[in-house]
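Spelled out from the first residue to the last, the chains are:
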Amino acid sequence: MILEGHHQRSITRTQDGRGARILDQRELPWKVKWVELRSAHDAEVAIREMWTRGAPMIGATAAYGLAMALAMDASDETLDAAYTLLLASRPTAVNLRWALDRMMETVRPLPASERAEAAFARADAICDEDVALNKAIGEHGLALLRDLHAKHPDRPLNILTHCNAGWLATVDYGTATAPIYLAHDAGIPVHVWVDETRPRNQGALLTAFELSGHGVPHTVIVDNAGGHLMMNGQVDAVIVGTDRVTANGDVCNKIGTYLKALAAFDNDVPFYVALPSPTFDPDTPTGRDIPIEERHGDEVIHVAGEGGTIRVTGSSAANPAFDVTPARLVTAYITERGVLDRV
Ligand SMILES: CSC[C@H]1O[C@H](OP(=O)(O)O)[C@H](O)[C@@H]1O
């Protein structure tokens, strides 16, 4: 059950403490379906098939997946096999490796008898940290939105966002949506243009669901409408999430983000990227070095709707799931440390 009007934790331990409970986001907004993961294999499938998605959520799910593997068998062989399996589930969000590496730091030095409990505790801590980081992003972003609204106090602040970087993509609050939730709760009138975000429609299906639940005014638009709205002065700022920011500040995010950044740059609309520090990858020099996930073309030629999917063409399709926005197009990064010109 979703607590109407509230963001909430999108991953928790199961009641017996030996599994993880997530929402099957493929069913949203039509059905609120919580599912229990019981193994590293379950977690890998849930990540790869996007039952759950979003960079921090991918990391959190993998962390519990490693703990579940150790609950069954805490040997080095199982530990290494689970790490390899989970790391290969999706290539682009750096949070996956970040979370798995921190799990390994915790459990590798321990005797087998202590590993499972320590692993679940570290996975819990990764989730708690994500919530705190995102709330801090929200607070810094709130100050930014308050300043932006002061420029047009006579009307709502119009924010455009792409994909879903909300509480469904994180453990809670979201990254790009955290400032929006806090601004709304603080009484600042905001309106959100929600890119539907083809082909998986994370915006139309998930961000719209979140904003509706929180009572935030919003309008779903086709991905190609953003530039038109910006050119007509209908967008005060763009805020997006990210799956990886490289050492030079390049931003990898859902496919289509780069085009939004180009339109924002051309229309002098500030373009903000919200990220917690685990999404920053100093070991990858530039955006050209990021592995871009190529998902199956069937996701493009089928459209998911209430009651199933329909096929829109018999032709084959290409389906790069992410693109890279050069740092030069980013106005600022909204982080838990503040709004920064560079991360
Ligand atoms: C806060 S991370 C959200 C980020 O993840 C999404 O990708 P996907 O839905 O494929 O996991 C998208 O890039 C969002 O901006």
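That block above? That's the structure.
Quick caveat: nothing in here was measured; it's all calculated off a predicted structure. (Residues numbered from 1 in each chain as written. Predicted model: local features only at pLDDT ≥ 70, side-chain atom pairs only at ≥ 80, totals over all residues. Heavy atoms only, no water.)

Thoughts on the site of the ligand
Turning to step 1, where the next piece is worked out: Around the ligand, a shell composed of 18 residues is seen, among which Gly54, Arg90, Asp243, Asn253 and Lys254 lie nearest.
Turning to step 2, where the next piece is worked out: Measuring from an oxygen atom of the ligand, one finds a side-chain N or O atom of arginine 53 at 2.9 Å.
Turning to step 3, where the next piece is worked out: Lysine 254 places a side-chain nitrogen or oxygen 2.7 Å from an oxygen atom of the ligand.
Turning to step 4, where the next piece is worked out: Relative to its free-state accessible area of 400 Å², the ligand is covered by the protein chains to the extent of 100%.
Turning to step 5, where the next piece is worked out: Breaking the shell around the ligand down by element, the ones donating at least two residues are α2 (55-72) and β9 (251-254). (Near = heavy atom within 4 Å. Polar contact = N/O pair within 3.5 Å; in protein donor to acceptor, adjacent residues only side chain to side chain. Areas by Shrake-Rupley, 256 points an atom, 1.4 Å probe, with all protein chains shown as cover. Helix = DSSP H or I, 4+ residues; strand = E, 2+ residues; numbered from the N terminus.)

Let's talk about the state of the cysteines
Turning to step 1, where the next piece is worked out: By the definition in use, this model includes zero disulfides.
Turning to step 2, where the next piece is worked out: Looking at the unpaired cysteine 163, the closest cysteine sulfur is the one in cysteine 252, lying at 11 Å. (Disulfide = S-S within 2.5 Å.)

As for the side chain of threonine 257
Turning to step 1, where the next piece is worked out: Relative to the helices and strands, threonine 257 is located in helix α9 (residues 257-266).
Turning to step 2, where the next piece is worked out: Taking the relative accessible area as the measure of exposure, threonine 257 reaches 1% and is therefore buried.
Turning to step 3, where the next piece is worked out: One polar contact links threonine 257 to asparagine 253, side chain to side chain, over a distance of 2.9 Å.
Turning to step 4, where the next piece is worked out: When sequence neighbours within four positions are dropped, the list of residues in contact with threonine 257 reads His162, Val240, Phe271, Asp323 and Thr325. (Buried < 20%, exposed > 50% of the residue type's maximum accessible area, 1.4 Å probe, protein only. Contact = heavy atoms within 4.5 Å.)

Examining the packing of helix α1 (residues 40-48) against α2
Turning to step 1, where the next piece is worked out: For the pair α1 and α2, interaxial distance at closest approach is 7 Å and the crossing angle is 160°. Accordingly, the angle class assigned to the pair α1 and α2 is roughly antiparallel. Regarding α1 and α2, the two cross each other, and that crossing is left-handed. Residues Ala40, Ala43 and Ile47 of α1 form the contact with α2, whose own contacting residues are Ile58, Thr61, Ala62, Gly65, Met68 and Ala69.
Turning to step 2, where the next piece is worked out: Tallied by class, residues from the contact of α1 with α2 come to seven nonpolar, two polar and no charged. (Axes fitted to C-alpha atoms, helices over the stretch in contact; angles between N-to-C directions. Parallel < 35°, antiparallel > 145°, perpendicular 65-115°, else oblique. Left-handed = near helix turned anticlockwise from the far one by under 90°. Nonpolar A, V, L, I, M, F, W, Y, C, P; charged D, E, K, R; others polar.)

Considering the environment of alanine 208
Turning to step 1, where the next piece is worked out: As for its placement among the helices and strands, alanine 208 is situated in helix α7 (residues 202-214).
Turning to step 2, where the next piece is worked out: For alanine 208, a relative accessible area of 9% gives the class buried.
Turning to step 3, where the next piece is worked out: Counting along the chain gives 11 residues from alanine 208 to threonine 219, while the straight-line C-alpha distance between them is 8.1 Å.
Turning to step 4, where the next piece is worked out: With residues up to four places along the chain from it excluded, the contact list for alanine 208 reads Val194, Gly203, His218 and Val220.

Focus on the packing of α2 against helix α3 (residues 76-87)
Turning to step 1, where the next piece is worked out: Running from N to C, α2 and α3 cross one another at 155°; their axes reach a closest spacing of 9 Å. As summarised for this structure, α2 and α3 are arranged roughly antiparallel, according to the angle between their axes. The chirality of how α2 crosses α3 is right-handed. Residues Ala62, Gly65, Leu66, Ala69 and Leu70 of α2 touch α3, and the partners they reach there are Thr78, Leu79, Ala82, Tyr83 and Leu86.

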